[in-house]
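Structural characterization, general
Single-letter residue listing:
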Amino acid sequence: MAEAVVSFLVERVGDFIIQEGRSLSGVGDQIRRAYTDLIFIRGFLKDADSKQRESETIRIFVAKTRDAAYDLEDVIATFVLKVDSRRIGGVKNVLKRFGCIFIEGVRRHRIGKQIGVITDTISHLKQNVETYDLRGLTNSGGAASIHSQDQRQQQLRRTYSHVIERNVVGQEDSVDEVVGHLVKEEHRHRVVSIWGMGGSGKSTLARQVYHHKDVKQHFDCCAWVCISQQYQVRDVLESIYIKLISASKEQRKEIAKLKDDEIPGRLSRVQNERHCLIVLDDIWKTETWDFLKAAFECDEDSKSRILLTTRNEKIALHADKNSFQYRPPKLDETQSWELFEKIALRERRNAQIDSEDYKKIEKLGREMVQHCAGLPLAVIVLAGLLTGKNTVKDWETVQKNVGVYICRGFGRPEEEHAYVSWVLALSYDDLPYHLKPCFLYLGKFPEDHEIKVKNLAKLWIAEGFISLTQQQHCLGETMEDVAYNWFNELVERCLIQVGRECSIFRLIRTCKMHDLLRDLCSLKAEEENFFRVVKDSNKNVTPHPFSSSMATNASPMGKIRRLAIYLDENDEKLVPSRDERGVQVRSLLYFGPNDYEWFPKHKKLIPTMFRGFKLLRVLRVEGMDSGEGAIALPSEIGNMIHLRYLSLRNSRVKFFPRFLGKLVCLQTLDFRVSNDVCILFSNVIRKMTGLRHLYLPFQYCVPMGKLQLSTLVNLQTLVGVSSEYSDLNDLCKLVNLRKLKIRWSSMTSKTLEKILEAARNVPNGIRSLELVSESGEKSVGRVMSQLIATCGQIYKLKLWGPIVELPKEFHSYSNLTKLRLSDCALKDDQIAELEKLPNLLNLALWGDVFEEDTSRVMVFTTGSFPRLQFLSLYFLCRITEWRVEEGAMPSLSKLVIYYCKLSAVPDGLRHLTTLKELEISEMPESFYKKIEEGGEDFHKVQNISRIIRGSTRG
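Predicted model, so just to flag it, every value in this text is computed and none were measured. Counting from 1, residues in each chain are numbered in the order their sequence is written. Residue-level local features of this predicted model are given only where pLDDT is at least 70; pairs of side-chain atoms are given and counted only at 80 or more, and the full residue set underlies all totals for whole chains, interfaces and linings. Heavy atoms from the whole structure form the basis of all side-chain values; hydrogens and water molecules are not counted.

1. Details of the overall build of the protein
Our working rule: For helices the rule is a DSSP run of H or I covering at least 4 residues; for strands it is a run of E covering at least 2, with both sets numbered from the N terminus onward. Buried residues are those whose accessible area, probed at 1.4 Å on protein chains only, stays under 20% of the maximum for their type, while exposed residues exceed 50% and partly exposed ones sit between those limits. Contacts: residue pairs with any heavy atoms within 4.5 Å of one another. Residue-level accessible areas treat just the shown protein chains as cover; the underlying method is Shrake-Rupley with a 1.4 Å probe.
Assigned secondary structure in the protein consists of 31 helices and 30 strands. By residue count, 56% of the 954 residues in the protein fall in the buried class. In the protein, the share of contacts with a sequence separation of at least 24, taken over all contacts with a separation of at least 6, comes to 70%. Carbon and sulfur atoms provide 47% of the accessible area of the protein, an area that totals close to 40600 Å².

2. What about the packing of aromatic side chains?
We count it as follows: To pair, rings of Phe, Tyr and Trp, with the six-membered ring standing in for Trp, must have centres within 6.5 Å; the planes then decide the type, stacked if under 30 degrees apart, edge-to-face if over 60, and tilted in the middle. Two conditions define a charge located above a ring, namely a distance within 6 Å from the ring centre to NZ of Lys or CZ of Arg, and an angle within 35 degrees of the ring normal.
All chains considered together, the criterion is met by 26 aromatic pairs. A ring pair is formed by F530 and F531, whose centres lie 6.1 Å apart and whose planes are at 65°; its orientation type is edge-to-face. The residues F530 and F531 share a single accessibility class, namely buried. Their ring planes at 40° and their centres at 6.1 Å tell us that W846 and F875 sit as a pair that is tilted. You can see W846 sitting in strand β24 (residues 842-846) and its partner F875 sitting in the loop between β26 (870-874) and β27 (881-884), a full 29 residues away along the chain. Through a chain of ring-to-ring contacts, the aromatic side chains of W800, W846, Y874, F875, Y898 and Y899 assemble into a single cluster. Note that K436 overlies the ring of Y428, its terminal NZ or CZ placed 5.4 Å from the centroid. It is R949 that lies over the ring of Y928; its NZ or CZ is 4.2 Å from the centre.

3. Looking at the sheet that holds strand β6 (residues 451-452)
Within a sheet, neighbouring strands are paired by backbone hydrogen bonds and run either parallel or antiparallel to one another. The cut-off we apply is this: Strands qualify as paired when DSSP identifies two bridges or more between them.
Sheet architecture is open: three strands sit in the order β6-β8-β7, paired in antiparallel fashion. Only two strands of the sheet have a single neighbouring strand rather than two, namely β6 and β7 (497-498). Sheet topology places β7 next to strand β8 (residues 510-512); two bridges connect them, and they run antiparallel. Within β8, the residue paired with V498 across the bridge is C511.

4. Concerning helix α28 (residues 778-789)
Definition in use: In this scheme, a helix's expected span is set at 1.5 Å multiplied by one less than its residue total.
Here α28 contains 12 residues, and its C-alpha end-to-end distance of 17 Å stays within 8% of the 16 Å for a straight helix at 1.5 Å per residue. All of the buried residues along α28 are V780, G781, V783, M784, S785, L787 and I788.

5. Comments concerning the packing of helix α22 (residues 453-463) against helix α24 (residues 479-492)
Using the following cut-off: Lines fitted to C-alpha atoms define the axes, with helix axes restricted to the stretch in contact, and inter-axis angles between N-to-C directions lie between 0 and 180 degrees. In what follows, roughly perpendicular refers to angles from 65 to 115 degrees, roughly parallel to angles under 35, roughly antiparallel to angles over 145, and oblique to any angle outside these ranges. Should the near helix be turned anticlockwise from the far one by less than a right angle, the crossing is left-handed, and should it be turned clockwise, the crossing is right-handed. Under this grouping Gly is polar, as are all residues other than the nonpolar Ala, Val, Leu, Ile, Met, Phe, Trp, Tyr, Cys and Pro and the charged Asp, Glu, Lys and Arg.
Packing of α22 against α24 leaves a shortest axis separation of 9 Å and a crossing angle of 115°. Taken as axis vectors, α22 and α24 run roughly perpendicular relative to one another. As α22 runs across α24, the sense of the crossing is right-handed. From α22, V453, L456, A457, W460 and I461 reach across to α24, where they touch M479, E480, A483, Y484, W486, F487 and L490. Taken together, the residues of the contact of α22 with α24 break down into 11 nonpolar, no polar and one charged.

6. Details of unusual backbone geometry
You will see that D823, though not glycine, has its phi angle at about 50°, which is positive. Relative to the helices and strands, D823 is located in the loop between β23 (818-822) and α29 (830-835).

7. A closer look at a negative patch on the surface
Applied cut-off: Each patch is built from residues lacking any salt bridge and having more than 30% relative accessible area; the joining distance is 9 Å for like charges and 5 Å for nonpolar side chains (Val, Leu, Ile, Met, Phe, Trp, Tyr). A pair is scored as a salt bridge if a Lys or Arg side-chain nitrogen falls within 4 Å of a carboxyl oxygen belonging to Asp or Glu. Asp and Glu count as negative and Lys and Arg as positive, but His and the ends of the chain are not part of the count. We put the charge of a Lys on NZ, of an Arg on CZ, of an Asp on CG and of a Glu on CD.
A cluster of acidic side chains, namely E172, D173, D176, E177 and E338, defines a negative patch on the protein surface. Position of E338 relative to the elements: it lies in helix α16 (residues 333-344).

8. Focus: the state of the cysteines
The bond known as a disulfide is covalent and runs between the sulfur atoms of two cysteines. The test is simple: Count a disulfide wherever a pair of cysteine sulfur atoms falls within 2.5 Å.
Within this structure, the stated rule accounts for zero disulfides. With no disulfide of its own, C701 lies closest to C678 among cysteine sulfurs, the gap being 4.1 Å.

9. Quick notes on the nonpolar core
Condition: Residues belong to a common nonpolar core when they are buried Ala, Val, Leu, Ile, Met, Phe, Trp, Tyr or Cys residues joined through side-chain atoms within 4.5 Å.
Ranked by size, the top nonpolar core spans 115 residues in total, and within it F671 and L718 carry the most contacts. By residue number, the principal contributor to this core is α28, which donates five residues. In contact with L718, not counting residues within four places along its chain, are L694, L696, L709, L731, L734, L737, K739, L740 and K741. Membership of the second largest hydrophobic core comes to 47 residues, among which are I451, V453, L589 and F591.

10. Examining the pattern of salt bridges
For the structure shown, the criterion picks out 27 salt bridges. The closest approach of N and O atoms between E356 and K359, which form a salt bridge, is 3.8 Å. Linking E356 with K359, this pair stays in helix α17 (residues 355-370), spanning three residues, or about one helical turn. Take K359: its relative accessible area is 53%, and that puts it in the exposed class. E919 serves as the salt-bridge partner of K894, at 3.7 Å between the closest nitrogen and oxygen. With a gap of 25 residues between them, K894 in strand β28 (residues 894-898) and E919 in strand β29 (residues 917-921) connect regions that are remote in the sequence. Of the residues examined, E919 reaches a relative accessible area of 26% and is grouped as partly exposed. When salt bridges with common partners are traced through the structure, they connect D67, D71, D74, R561, R586 and R617 into a single cluster.

11. Quick notes on the sheet that holds strand β18 (residues 700-701)
Overall, parallel pairing links the three strands, which are arranged β14-β16-β18 in an open sheet. What marks the edges here is a single partner per strand, and that holds for β14 (655-656) and β18. Here strand β16 (residues 679-681) pairs with β18 via two bridges, running parallel. The residue bridging L680 from the neighbouring strand is C701, located in β18.

12. What to know about the packing of α16 against helix α18 (residues 376-386)
For the pair α16 and α18, interaxial distance at closest approach is 8 Å and the crossing angle is 30°. Relative to α18, the element α16 is oriented roughly parallel. For α16 against α18, the interelement crossing comes out right-handed. Contact with α16, carried on its side by S336, L339, F340, I343 and A344, involves P376, V379, I380, L382, A383, G384 and L386 of α18 and no other residues of that element. Split by residue class, the contact of α16 with α18 holds 10 nonpolar, two polar and no charged.

13. Observations concerning the pairing of strand β2 (residues 221-226)
Where a strand is regular, its side chains alternate between the two sheet faces. In terms of burial, β2 is a largely internal element, six of the six residues being buried. Side chains of β2 alternate between two faces, with C221, A223 and V225 and C222, W224 and C226 buried alike. Of the strand pairs in this sheet, β2 and strand β3 (residues 276-283) are connected by six bridges, and their pairing is parallel. Among the inter-strand pairings, A223 is bridged to a residue of β3, identified as I278.

14. With respect to the pairing of strand β25 (residues 857-860)
Here β25 shows one buried face, formed by M858 and F860, and one open face, formed by V857 and V859. Of the strand pairs in this sheet, β25 and β27 are connected by four bridges, and their pairing is parallel. By the bridge assignment, V859 is partnered in β27 with R883.

15. Comments concerning the confidence of the model for the protein
Cut-off, in case you're wondering: The score called pLDDT rates the predictor's confidence residue by residue, from a low of 0 to a high of 100.
Counting all residues, the mean pLDDT for the protein is 79, and 77% of those residues have values of 70 or more. Segment residues 85-92 is flagged for pLDDT under 50; beyond a separation of four residues in sequence, or across chains, it makes 13 contacts in the model. Contacts for the low-pLDDT stretch residues 94-103, under 50 throughout, to residues beyond four places or in other chains number 14 contacts.

16. A closer look at the side chain of S921
Within the secondary structure, S921 sits in strand β29. What S921 contacts, discounting residues up to four positions off in sequence, is I897, Y898, Y899, Y928, G950 and S951.

What follows is the structure, encoded as structure tokens:
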């Protein structure tokens, strides 16, 4: 990992030299010399990484090199930002902006001296490689040492369950057996448990059972919750109750007001009244069940069931002595090979590869699979490691390493955890250097945290993992594109589990980490001092479950650069302890129990929690709330002049202060604060010329003039801009804009003409467009239509409010794949324009899509929507009849109907042979009865394989 850290820092320093060469007057030669020395040291570190566990000398050397490289980047960034007289605004403005009281020459000399000290340190480190024969140390044998560290059994944290597994083999019989014990009356098991070691497929099996058609038909309602080691009883029970009753927004508010001792009784009543299935995934301790069991006390004749997963068989017996316990069998040799082949060899069957080489690869694969001992996770990770290996030599290399890392633990049941962890470690070691910090970064997120991929990409960029040089190597791609490609590489290597996906392009929206892999991240980060996780009120760092056998007993060396702080309601302070706080910290991420309203008891501490972080690049402090109204942002944030990423989402703040204008390096600013507060904006965003992603609050106003955005030429994302308080003429200068969301207000005719002119000049590179009309005026609709007309290349379009008429050429928008129309009051003939869209895949119609005087019958004609796959109808209160002619929507696979006035499903559904899923919710009971078996409309839906029935509207 040290080699990985130094590698990306070397590229960062190289970027500085390229971009700021003229600005480094007086220190440029020193920096170039240090750059050359780091390149030399990087080659040595590749070998040193794997040996530092056995050699204290190498370990110290690696730590010093890592810190020196970080220090060099920090001091260069400070030099360029604070001293450079050629930066925008000149010396006077720079000095004024940062409140500097020294003359430029004094500051240049002081920072230059710091650079000199660091470059001398790097030079000495280079000399030490040869002087103390460190290369000889890295070439000595170490297999025995590695094995000696792998003697103690390791605790593995839970597998999580909210991800659909793509690669499943050999569980058909297991699924049938568990399903039978849940739905067949003769079994009468109140509790069914699946138990086994981590990585054995417990949660995968439970998820297949949960979605089984027999289970869905047998139970009226289902709920799945992950317990894990960190849980709150109230949160768990509340989540189950909300899911079982499909709680509305108002019901959720009422539930939140219930006392803690009221929820268990509510849950018990629901289970007595209905057929409920509740999955409790990953229970670690018997006392966990004791805390929860009051909510599951039911009558003897209750039809509701509990399915739990655990690593401890005693917990299953503790929950119910008459429970059915099932332990998933390990994969046999044939199943293991089938799973391995499905991942590692899927692309090689059709590849141009010599048949003899293929035979050799297959033979090597079969030998390696044996070392996985039938554990699905081990097979999946090993296969993922080999997906990028294209030669026999590559496979032989991996096979050799598998022997070193795994074979010595094979065959010893007490060491099953050990060799699985080594398989995971091997997969990590095989990563190219640029992916290692990206992978480790995932360990900063709490257990079972759903990570948004777009946010992750922004964080990687802000941390400097993706350099300008790397972007230039990928012609035509942005750094965000590079980040997403790297993320996909990790997915392909089975190091990340996919969460939610975009139904259209199969783009991954969210991800999670299997606990085994998250443990690996935490271990490696601890070894390399890559980040530190601080949690609990005393700010203790929980010992890592792998550390006893895989990590050295010595404490991590070097400065703490990144902090992730996990808070709960019992924490007594918000700031890191004195030894964790320091000017060298680059990244500070706060995670509360929820991402909103977790600060109320800490109001007095908020002003002090940001002091001392002078070099901070990433600050995530979402959900900041005093509990007594909006708060003022601490001025210390304005001193974080190196900040690249700032997210205050869901926080309750009073205003956008002027001191934020100092943050000229910001790339991402997420200021989507609480919706019930109108934010007073200082007009300083124009100074943040490096912004790439800007998220404005739902409500804001600018006292003096309008928000100026014309200087933000790097902007790719602009969400929440207001036509009332922003000059939309600035949009024509944002040539890199890709995503745009505008809120339209009432306007005079003079203003209207100006905005119409501005709309005609909006860059045509926009790919995602969302327009929200707050006035309801048709004149605003004219502007919205004009703007859409200039964005003929859009892929995604959302319209809220009356637009009356779409652009004349709208039917030819060939890139448009996702469209949402809400209360648009379209003319009756506009449905014909929508039907012609050649590549529309996803369509959602909300509310009053058509004008009031429009016919109450909606007709989809033959040949309409040729590629539509997903159709959603929400709150269509004016449409009472929907007709689907034969030949319409020939590709439709999913249909959602929610709270509509339709009296019946259209007869044309019976012609849709591709329709696999029908989801209906908030409809009258009579509507549901028509489509049930024996109902008058059953013939229309009998070919649909999955029908999901939600709550009934009274």
